[in-house]
Amino acid sequence: VNATQRSNALFAQEQVKLLDGRLLISGGFRAQCFQQLNRPMFAPVASSPYSGIALPAPPAAYTGDGSAAYLIRSTNTKIRAHAGRGYRAPSLYERFGSSFDSFFGYSNYGDPRLKPEHSFGFDAGIDQDFRSGRVRVSATYFYSRLEDTIAFGSVSSADPYGRTFGGYINSKGGLSRGVELSTRVSPLSSLDVTAAYTYVNALERAPIYGDVLRT
């Protein structure tokens, strides 16, 4: 299969320092638009899938994020926070993926109707320096929510593209939140020793698939 699509993106970011450099505020915005997809060309042409159907372009995406950090110079302590939204358009393989066998013919996996993925993330933490910056201890709380995702799973018997062994589908997202701890020690100017630990809680508030609450 030969498929081509173009997209254009514009990104802008602004950073501001206030209070004699102790407060840093940053904000960003990104816009992405997609042009109409050129009709995919399949070989062999006979019984090629996804022919004669509408091929809409993914919707335009507008995402942004912001962050702030404040430095307490008397104690070498930094307090920081960040929040932002994420977006991922379905890939061409997820929309038109297929394989061909001379005996069985085409086996299709893709779905041209797939909707994009959306997510939201937030994190906040603190960094503490000791011994003139040769020791740093950090703690961060994070929260991520996948609002819409693209998964590979079973499809209904009435699938318009003849997918019988599964394919790419739109699915509910999920939660991921937890704490990350890290430390860095520099006993020599040419040596850094680091260690980190992350705890992730993936217990869902509502089932995503069946009665499954933990992912």
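Look up: the structure comes first, before these words.
**Q** Just to check I follow, could you spell out the packing of aromatic side chains for this structure?
**A** The geometry of two aromatic rings is summed up by the distance between their centres and the angle between their planes. Evaluated as defined, the whole model comprises seven aromatic pairs. When the centroid spacing of 6.5 Å and the interplanar angle of 15 degrees are considered together, the rings of F29 and Y62 count as stacked. Taken together, the residues span a long stretch of sequence, with F29 in strand β2 (residues 23-34) and Y62 in strand β3 (residues 61-72) at a distance of 33 residues. For Y62, a relative accessible area of 58% translates into the label exposed.

**Q** I keep staring at unusual backbone geometry and nothing clicks. Help me out?
**A** Most of the time, phi is negative for any residue but glycine, and the peptide bond is trans. The peptide bond linking A43 to P44 adopts the cis configuration, its omega dihedral lying at 5 degrees. Mapped onto the secondary structure, P44 falls in the loop between β2 and β3. In the Ramachandran plot, N76 falls in the positive-phi region, its phi being about 55 degrees despite a non-glycine side chain. Tracing the backbone shows N76 in the loop between β3 and β4 (77-88). Using a relative accessible area of 39% as the deciding quantity, one classes N76 as partly exposed. Of note, S132 is a non-glycine position whose phi angle comes to about 60 degrees, a positive value. Looking at the secondary structure, you find S132 in the loop between β7 (117-130) and β8 (135-153).

**Q** Where do I start with the nonpolar core in this structure?
**A** Nonpolar side chains in soluble globular proteins tend to be buried together. L37, F42, Y50, L55, F96, Y106 and Y161 together form the largest nonpolar core, which totals seven residues. Setting aside residues no more than four positions away along its own chain, Y161 makes contact with Y50, I53, N108, G110, D111, P112 and R113.

**Q** Hey, could you run me through the pattern of salt bridges in this one?
**A** Throughout the structure, instances matching the rule amount to nine salt bridges. Note that D20 and R73 form a salt bridge whose closest N and O atoms lie 3.3 Å from each other. Separated by 53 residues along the polypeptide, D20 in the loop between β1 (7-18) and β2 and R73 in the loop between β3 and β4 bring together distant segments of the chain. Overall, the relative accessible area of 62% leaves D20 in the exposed class. Each of D111, R113, D159 and R163 takes part in a single network of salt bridges with overlapping partners.

**Q** Just to check I follow, could you spell out the pairing of β3 for this structure?
**A** The side chains of a regular strand alternate between the sheet's two faces. Inspection of the sheet shows β2 paired to β3 by ten bridges, in the antiparallel sense. By the bridge assignment for β3, G28 is matched with D65. Sheet topology note: the β3/β4 ladder contains eight bridges and is antiparallel. Counterpart to A69 in the pairing with β4 is R80. Counting the residues between successive antiparallel strands, the hairpin from β3 to β4 contains four residues, one of them, N76, with a positive phi of roughly 55 degrees.

**Q** Would you take a moment to explain the side chain of T149 for this structure?
**A** Turning to its location among the elements, T149 is positioned in strand β8. Among the polar contacts listed, one links the side chain of T149 to the backbone oxygen of K172, at a separation of 3.1 Å. The residues contacting T149, other than those within four sequence positions of it, are E117, I169, N170, S171, K172 and G173.

**Q** How should I be thinking about the environment of I25 in this particular structure?
**A** The topology assignment puts I25 in strand β2. In the structure, I25 is positioned 169 residues away from T194 in sequence and 28 Å away in space, judged by C-alpha atoms. Once residues lying within four places of it in the same chain are set aside, the contact partners of I25 are E14, Q15, V16, L18, S67 and A68.

Calculation rules
Residues numbered from 1 in each chain as written. Predicted model: local features only at pLDDT ≥ 70, side-chain atom pairs only at ≥ 80, totals over all residues. Heavy atoms only, no water. Phe/Tyr/Trp six-rings, centres within 6.5 Å; stacked < 30°, edge-to-face > 60°. Helix = DSSP H or I, 4+ residues; strand = E, 2+ residues; numbered from the N terminus. Buried < 20%, exposed > 50% of the residue type's maximum accessible area, 1.4 Å probe, protein only. Core = buried A, V, L, I, M, F, W, Y, C linked by side-chain atoms within 4.5 Å. Contact = heavy atoms within 4.5 Å. Salt bridge = Lys/Arg side-chain N within 4 Å of Asp/Glu carboxyl O. Pairing = 2+ DSSP bridges. Polar contact = N/O pair within 3.5 Å; in protein donor to acceptor, adjacent residues only side chain to side chain.

These figures capture arrangement, not role.
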